[in-house]
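The lines below spell out each chain.
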Amino acid sequence: MTIFSIPEATFLHELRRIERKWQKLWEEAHVFEANPDPSKPKFFLTVPYPYTSGPLHIGHGRTYTLGDVYARYKRMQGFNVLWPMAFHITGTPIASISSRISSGEERTIKLYESYVRLYVNDPKEIQRILRSFTKPENVAMFFAEVISNDFKSLGYSIDWRRRFTTGDPEYNSFVTWQFLRLKEKGFLSRGAHPVLYCPNDGNAVGEDDIQGGDEFRSEIVEFTGVKFRMSNSFLVASSLRPETLFGATNIWINPNASYVRAIVDGEEWIISEKSAEKLRYQAHEVIINERFKGADLIGRKCVNPVNGRELPILPALFVEDDNATGVVYSVPAHAPFDYVALRELQENPDLRKKLGVDPKIIEDIHPISIISIDGYSDFPAEDVVKRLGISSQLERDALEEATREIYKAEFYHGYMKDNCSIFSGIPVSEAKNKVKEWLKGKGLAVTIYETSPRPIYCRCGARIIVAVLKDQWFLNYANPHWKKLAWEALNRMQIYPRRYRKLFEDTFQWVALRPCARRRGLGTRLPFDKEWIIESLSDSTIYMAFYTIIHKIRQSGIRADQLTPEVFDYVFLGKGDPEEISNITGIDVSLLKSLRDEFDYWYPVDLRHTAVGHITNHLTFFIFHHAALFPPKHWPKAITLNEYVIREGAKMSKSKGNVLPLVEIPRKYSADLYRLYIVYAADLPTVVDWREEQVLSVLRRLRDFWNIANEILGRGDSPPRPKKLSIATKWLLSRFNTAIMRATNYLESYRFRDYVQESFFNILNAIGTFRRLAVNTPPEERAWAERYIFDKWLKLLSPVIPHVAEELWERMGGRKFLSTQQWPTPDEEFIDKDVELAIEVVERTINDVRDILHVIKRPGLSKVHLYVGPEEWKYKVCEILSSCASAKLNELIRNVMKDPELRKHGKEVVSLVRAVIDGKVPRFVPKRAIELYAFMELRDYIAQELGLKVFIHEATSPGYDPAHKAKSAMPGRPGVYIE
RNA sequence: GCGGGGGUGCCCGAGCCAGGACAAAGGGGCCGGACUCAAGAUCCGGUGGGUGCAGGCCCAUCGUGGGUUCGAAUCCCACCCCCCGCACCA
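Residue numbering note: each chain is counted from 1, following its sequence as written. Here chains are named by letter from A upward and ligands by number from 1 upward, in the order in which they appear as written. Residue-level local features of this predicted model are given only where pLDDT is at least 70; pairs of side-chain atoms are given and counted only at 80 or more, and the full residue set underlies all totals for whole chains, interfaces and linings. By convention in this description, side-chain values take in all heavy atoms of the structure and omit both hydrogens and water.

1. Some words on the nonpolar core
Basically, it comes down to this: In these notes, a set of buried Ala, Val, Leu, Ile, Met, Phe, Trp, Tyr and Cys residues joined through side-chain atoms within 4.5 Å is what counts as a nonpolar core. Exposure classes here rest on a 1.4 Å probe applied to the protein chains alone. A residue is buried below 20% of its type maximum, exposed above 50%, and partly exposed in between.
Phe133, Phe151, Trp690, Phe705, Phe760 and Leu866 are the most contacted members of the largest nonpolar core, which totals 154 residues. Core analysis: the next-biggest nonpolar cluster, separate from the first, contains 78 residues, Phe164, Leu182, Phe546 and Ile623 among them.

2. Description of the packing of aromatic side chains
Here the distance between the centres and the angle between the planes together describe a pair of aromatic rings. Note the following rule: Pairing of aromatic side chains here covers Phe, Tyr and the six-membered ring of Trp, requires ring centres within 6.5 Å, and sorts the geometry by plane angle: under 30 degrees stacked, over 60 edge-to-face, intermediate tilted. For helices the rule is a DSSP run of H or I covering at least 4 residues; for strands it is a run of E covering at least 2, with both sets numbered from the N terminus onward. Counting as a charge over the ring demands two things of the Lys NZ or Arg CZ atom: a distance within 6 Å of the ring centre and an angle within 35 degrees of the ring normal.
Under the criterion given, the structure shown has 67 aromatic pairs. Seen from their ring centres, Tyr64 and Phe151 are 4.6 Å apart, and the 45° between their planes marks the pair as tilted. A residue pair is termed long-range when its members are at least 10 positions apart, and Tyr64 in helix α2 (residues 58-76) and Phe151 in helix α6 (residues 136-153) qualify at 87 residues. Across this residue pair, the class does not change: Tyr64 and Phe151 are buried. Each ring, one from Phe133 and one from Phe143, has its centre 6.0 Å from the other, and the planes form 40°; the classification is tilted. Pair noted here: Phe133 is in the loop between α5 (123-132) and α6 and Phe143 is in helix α6, with a separation of 10 residues, a long-range link. Summarising the burial analysis for this pair, Phe133 and Phe143 share the class buried. Sitting over the face of the ring of Trp532, Arg519 holds its NZ or CZ atom 4.2 Å from the ring centroid.

3. Focus: the sheet that holds strand β22 (residues 529-534)
Counted only if it meets this: For two strands to count as paired, DSSP must find a minimum of two bridges between them.
Judged by pairing direction, the sheet is antiparallel, and its 3 strands sit side by side in the order β20-β22-β21 without closing on themselves. Of all strands in the sheet, those with a lone pairing partner are β20 (517-518) and β21 (525-526), marking the two edges. In the sheet, β20 pairs with β22 via 2 bridges, with the strands oriented antiparallel. Of the residues in β22, the one forming a bridge with Ala517 is Ile534.

4. A few points about the sheet that holds strand β4 (residues 203-204)
Taking strand neighbours across the sheet as the criterion, the 4 strands line up as β4-β3-β17-β19 in an open arrangement whose pairing is antiparallel. Here the strands that pair on one side only, and so sit at the sheet edges, are β4 and β19 (513-515). Note: strand β3 (residues 188-198) against strand β17 (residues 465-476), 9 bridges, orientation antiparallel. Paired with Arg190 across the bridge in β17 is Trp473.

5. Overview of the pattern of salt bridges
Rule in force here: We define a salt bridge as a contact between a side-chain nitrogen of Lys or Arg and a carboxyl oxygen of Asp or Glu at a distance within 4 Å.
In the structure shown here, the tally under the stated rule is 71 salt bridges. Here Glu290 ties to Arg261 by a salt bridge, and the two come within 3.1 Å at their closest N and O atoms. Of this pair, Glu290 sits in strand β10 (residues 286-293) while Arg261 sits in strand β8 (residues 258-264), and the two are 29 residues apart along the sequence. With a closest N to O distance of 2.9 Å, Arg715 and Glu786 form a salt bridge. Separated by 71 residues along the polypeptide, Arg715 in the loop between α25 (692-714) and α26 (727-748) and Glu786 in helix α28 (residues 779-797) bring together distant segments of the chain. By relative accessible area, which is 37% here, Arg715 ends up partly exposed. By relative accessible area, Glu786 is classed as buried at 2%. Linked by salt bridges that have partners in common, Lys278, Glu320, Asp322, Arg396, Glu400, Glu450, Arg454 and Arg463 make up one network.

6. Notes on helix α35 (residues 928-937)
Going by this rule: Residue contacts are defined here by distance: any two heavy atoms, one from each residue, within 4.5 Å place the two residues in contact.
Listed in full, the buried residues belonging to α35 are Arg928, Ile930, Glu931, Leu932, Ala934 and Phe935. Those residues of α35 that are buried lie in contact with α26, α30 (833-856), β27 (863-868), α31 (872-882), α36 (939-946) and β28 (949-954).

7. Structural notes on the protein's contact with RNA strand B
Quick note on the threshold: Each residue is tested against the molecule or strand, and it is near if at least one of its non-hydrogen atoms lies within 4 Å. Within 3.5 Å is the distance limit for a polar contact, defined as a pair of N or O atoms, with the added protein rule that one can donate a hydrogen and the other accept it, and that residues adjacent in sequence qualify only through two side-chain atoms. Classes in brief: Ala, Val, Leu, Ile, Met, Phe, Trp, Tyr, Cys and Pro nonpolar; Asp, Glu, Lys and Arg charged; the others, Gly included, polar.
If you check the shell around RNA strand B, you find 62 residues, and the closest are Gly206, Tyr412, Arg498, Lys651 and Phe924. When the atoms of RNA strand B within 4 Å of the protein are grouped by moiety, sugar and phosphate amount to 56% of the total. One of the side-chain N or O atoms of Ser968 is found 3.4 Å from a base oxygen in RNA strand B. With respect to RNA strand B, the backbone of Val976 contributes an N or O atom lying 3.4 Å from a base oxygen. The element that contributes the greatest number of residues to the surface near RNA strand B is α30, accounting for 7 residues. Split by residue class, the surface near RNA strand B holds 22 nonpolar, 15 polar and 25 charged.

Given below as structure tokens:
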């Protein structure tokens, strides 16, 4: 942890005091509560509500802080800003946490104890809270409460009256309405769907439910079970590569495992006993008739459905009866396991004897090559097995590696050979699915699901399998009508940073069926099928609309059961007759109308800001559902996105123990420091690295600001404006007013980092420069200048460091809250590019002199003569050049030569143009008179910087020029002579 | 694997879409100087290499290699490496 030095710690302490003070005052004055006001333009900004399963960290805070900076900016811009917040409790994780705590799971209890301890000191109280976590609602309520406190102590300007959770009955009514309407529009569908499943719990399982689920990725893999006829039965052999069926030479079974003869969906199948049990969960009807050892099948034959070839059934030790059907077909040309197992049987009499294999059956088995691929022989399995020196089918790891290699190579680069029937000649990558579909179409294959990795276990201890849910509800994003609407919505939306639009577009392409309900967890029940609970991303697509009315629902005591679908139809869509709805629901007509008005005032969402991780799911659904349910005028306008946060170069994670919780920020650092750092550290599309060293440096800059500000305030009231301004003052005012313009443009285009750089760091630096430039400026003028910029500066900074700015505003005697002041506009009168350029010339000249001193190293130098301002026509050349877009020498010269006066100077013009192109003369230079004036005025400053006596000469009439340097003077580049 | 994004100086990080004023903003670190008894803080200067007793010149340089162009960190192609997403996890 940082050790701040004493002055830093003192300053931080002061900051925190100020932050608490203003948070209290804002809250008491209800400054950020927004009500419809037809006289003002509105701006509706949302950031996703947090999921309340634990504390937030500085990564989450980045997103919310950016949202707040923008909300504050827009508010000062004169918009009526609605920036609300709610809490997400829907779904399985919170339920799962509760049940784990209930069942006494040590790890979870420890983890949650540490979470609670972040917020609560009293050990007894911690235990009480922890015990309450056996109810999921209490987990949700606890974290909703502490997170909202975190947000308040970071100074977020949220309208808290509209807070709700997704478990509130009013919200349930709202979601119910959505799903009824989606169903009516035909956007829901039903069908079979495979899920990871715990037979013991009777439920689908998610990452949270799987033992070690956060350490590896568990997925569902699809095998193709191929039916090999065996008299009246089918031996069902499974493969991940159905296209290799053409190269099958035999069948492998595990001789020691138990197999069954079972009626599966009316057919008699022979499969492993273990697989028969699992198939019951995959929407198959299974009746087991007979059990026997795998060895009993050895030597019998079955028929390959693709070519009628008779294949012998042979034993193999590598076959797992627990994987898919426990039966595999052997393709020794292309599958390393098969190749090795076959060769072992052929070459090892002991093994044959042990497994009871008749040598005659196997001596005629030869690999059948069916795939051609560059870089391998006809028998890739043999190639790889030899290369890796594999000799036994029990060398599982090596064989799996070999299999992966061939699978990848053949899938991407292989072609089916001529012996593959109608699939001959096509790429393997295509053949795989085509063969599968072809077989399934003929009733010769089925899909068998398996977990990967295998086995995996539920936290309850049971083995997880794949189950097929027959009646899963889906949101059908593939619906062409719906998709078209969503595309229209996307196309008219602004996405920033622009690079992420592509990801939206790609997602829109592939998004199809999305399971939208589950059998467990928290949430809203599907209104037309109460067994199902609407899943957490599906219930969070248009909830921004709910913010517009929830506070009024609460205030007026409307009950959830009064919130019928007709109410929402009216409020959100303007459908139906309010009198009638009022009669049915008992909600007052005027109240109904005011809900409608409020929604109509705020909608659409003007900006949704969030982290990029949400693009492929939440944000896509957000757009789809708005497009489905609302008319185009209520579709969202813009999305902005930011990347995440790492810490000291490393990703934050529980296991590393390097997560910095948001709650620590206002305690160990400060809200404003955090805000300033997190916004400034990187652009939106760049990952922010939270580095203590850099945080500290930002803290020092914040303190510089604080000191300068208080120094300015300490001088009391502003002195009168001087009649004549020094060049230093002119420069500061120009620089500052330019900064207002730039900062505003940056915020308008969501360039938050540039905004902070311009309005905070650059102005801070400018004041430093000003103070050095102002050696000859009278103190009253300096004081006036600094005081002049001061209140506008505070306004500029209010969005990012609202507490500090608000405090200084108050100390300055500002009226009301700074947070509600008008955003500053630049004072055009003070913007003077020539002065800014002239100062640049002066600074550059100082550097040049230093450079020369460094090179000549002559002792006893004490004077510098500067020859400023060559002939006026040279400035004219620069002026013409600066307005030329082209950079080609001859074109530039032609442009310049258009001027008859310049043409007179012929060759000299050409060499000047060349000097500009070469960068020896700056292209943008001040007017001659101003350049001269700047040097005259700043002579003492230059002298002070260089430690030399300075003499300024007009280059066109130098009084003293022993080295003839006056003629080397160029616009923006005085001649220099040091002696 | 598929899809997306990126690789900039000792480190972080702008610039790239709209090629030219780019040895490349800003911050950090480091070096030198000022201040100080000293440390810290603060302020000033420097920070690719070489070279020069006049502000310069030469070489290298924005992942690597090609290309387009009078001109490329910026555009095109190939390769290498890194990050993110891939849905029932919110």
